[in-house]
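Residue-level listing of the chains:
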Amino acid sequence: MLSRFAAVAIAAAFAMPALAADQVEKAPPAGAYKKVSELVKIPDFLPGLGQLYVDPKTLPAGPFLAYDRDGRLVSTVYMLPIEDLSNKDKRFDDLAAPGGKVDHVDVYFNAGHPGVEKPHAHVVLWHVPKADETRVAGK
């Protein structure tokens, strides 16, 4: 009896990461995530990024979850302030990829925008192949 309970507990523990990933694969994501366009004055869909969701407690860095027009997760985005990146005492450790597997990563500069006004770097963890980035291209 005890070994059967242990087997079920172990199976449940291994299933937890999969359940967590499922909660963010489609918009809106579960948990404390809010649609960024409802928090600050930006369009609902940003060409190149998609529709963004963030837990407001994690601002300004994120993670921001980015979805295509069909509500499918395409990337996780971090917006890291340049002043923090140039501060030897500031670290960004254990950045999560809530969407699971990362196919490739892009990093680029942004001068600032509503919600993250200071200059920052976008670190984009793509969960889809390069060819599928078009799912968040402008239309």
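Predicted model only: the values in this text are computed from it and were never measured. Residue positions are given per chain, counted from 1 along the sequence in the order it is written. Selection of residues for local features in this predicted model requires a pLDDT of at least 70, selection of side-chain atom pairs for listing and counting requires 80 or more, and totals for whole chains, interfaces and linings are taken over all residues. For the side-chain quantities, the full set of heavy atoms in the structure was used; hydrogens and water were omitted.

A. The arrangement of the confidence of the model for the chain in detail. The quantity known as pLDDT measures the predictor's confidence residue by residue, on a range of 0 to 100. With 83% of its residues at a pLDDT of 70 or more, the chain shows a mean pLDDT of 85. This stretch, residues 1-21, has a pLDDT under 50; its non-local contacts, to residues over four places away or in other chains, come to 1 contact. Only heavy atoms matter for contacts: two residues are in contact if any of them lie within 4.5 Å across the pair.

B. Here's a closer look at the side chain of H104. Here a strand is any run of E in DSSP of at least two residues, a helix any run of H or I of at least four, and the numbering for each starts at the N terminus. Tracing the chain through its elements places H104 in strand 5 (residues 104-110). Polar contacts, as used here, are pairs of N or O atoms within 3.5 Å; protein pairs need one atom able to donate a hydrogen and one able to accept it. Residues neighboring in sequence count only if both atoms are side-chain atoms. Polar side-chain contacts of H104 include one of 2.8 Å to the side chain of D103. Polar contacts involving the side chain of H104 include one to the side chain of E133, which spans 2.5 Å. Not counting residues up to four positions away in its chain, the partners in contact with H104 are V124, L125, W126, V128, P129, K130 and E133.

C. Structural detail: the nonpolar core. The term nonpolar core refers to a set of buried residues drawn from Ala, Val, Leu, Ile, Met, Phe, Trp, Tyr and Cys, joined through side-chain atoms within 4.5 Å. We call a residue buried when its accessible area falls under 20% of the maximum for its residue type, exposed when it is over 50%, and partly exposed in between, using a 1.4 Å probe and counting protein chains only. Ranked by internal contacts, the top residues of the largest apolar core, which has 17 residues, are V36, L52, F64, V74, V77, M79 and W126. Considering each element in turn, this core owes the most residues, 3 residues, to strand 4 (residues 73-81). In this view, L52 contacts K34, K35, V36, L46, F64, L65, A66 and M79; residues no more than four positions away in its chain are not counted. Core analysis: the next-biggest nonpolar cluster, separate from the first, contains 6 residues, V24, Y33, Y53 and Y67 among them.

D. Just the sheet that holds strand 4, in detail. Strands were regarded as paired on the criterion that DSSP finds at least two bridges between them. The strand order across the open sheet formed by 6 strands is 1-2-3-4-6-5, and the pairing between neighbours is antiparallel. Edge strands, defined here as strands with exactly one partner in the open sheet, are strand 1 (34-35) and strand 5. Across 4 bridges, the pairing between strand 3 (residues 64-67) and strand 4 is antiparallel. Directly across from F64, in strand 4, lies its bridge partner V77.

E. Representation of the pairing of strand 2 (residues 51-54) within the structure. Along strand 2, one buried face is formed by Q51 and Y53 and the opposite face, lined by L52 and V54, is buried too. Looking at chain direction, strand 1 and strand 2 are connected through 2 bridges and run antiparallel. Note that in strand 2 the partner of K35 across the bridge is Y53.

F. How the structure looks around the pairing of strand 6 (residues 120-126). Burial analysis of strand 6 places 7 of its 7 residues in the buried class, the great majority of the element. Here strand 6 shows no split at all, with H120, H122, V124 and W126 on one side and A121, V123 and L125 on the other all buried. Summarising the sheet, strand 4 and strand 6 pair through 7 bridges and their orientation is antiparallel. Its bridge partner lying in strand 6, M79 is registered against H122. Strand direction decides the pairing type here: strand 5 and strand 6, joined by 7 bridges, are antiparallel. Bridge pairing in strand 6 links V107 to V123.

G. Geometry of the packing of aromatic side chains. Aromatic rings from Phe, Tyr and Trp, taking only the six-membered ring of Trp, are treated as a pair when their centres fall within 6.5 Å; an angle between ring planes under 30 degrees marks them as stacked, one over 60 as edge-to-face, and anything in between as tilted. Evaluated as defined, the whole model comprises 1 aromatic pair. Look at Y53 and Y67: their rings are 5.5 Å apart centre to centre, the planes differ by 85°, and that puts the pair in the edge-to-face class. With Y53 in strand 2 and Y67 in strand 3, this residue pair connects regions lying 14 residues apart in the sequence. Of the two residues, Y53 and Y67, both sit in the buried class. A positively charged side chain is recorded as over a ring if its NZ (Lys) or CZ (Arg) lies within 6 Å of the ring centre. The angle to the ring normal must also be within 35 degrees. Over the face of the ring belonging to F45 we find R69, whose NZ or CZ atom lies 3.7 Å from the ring centre.

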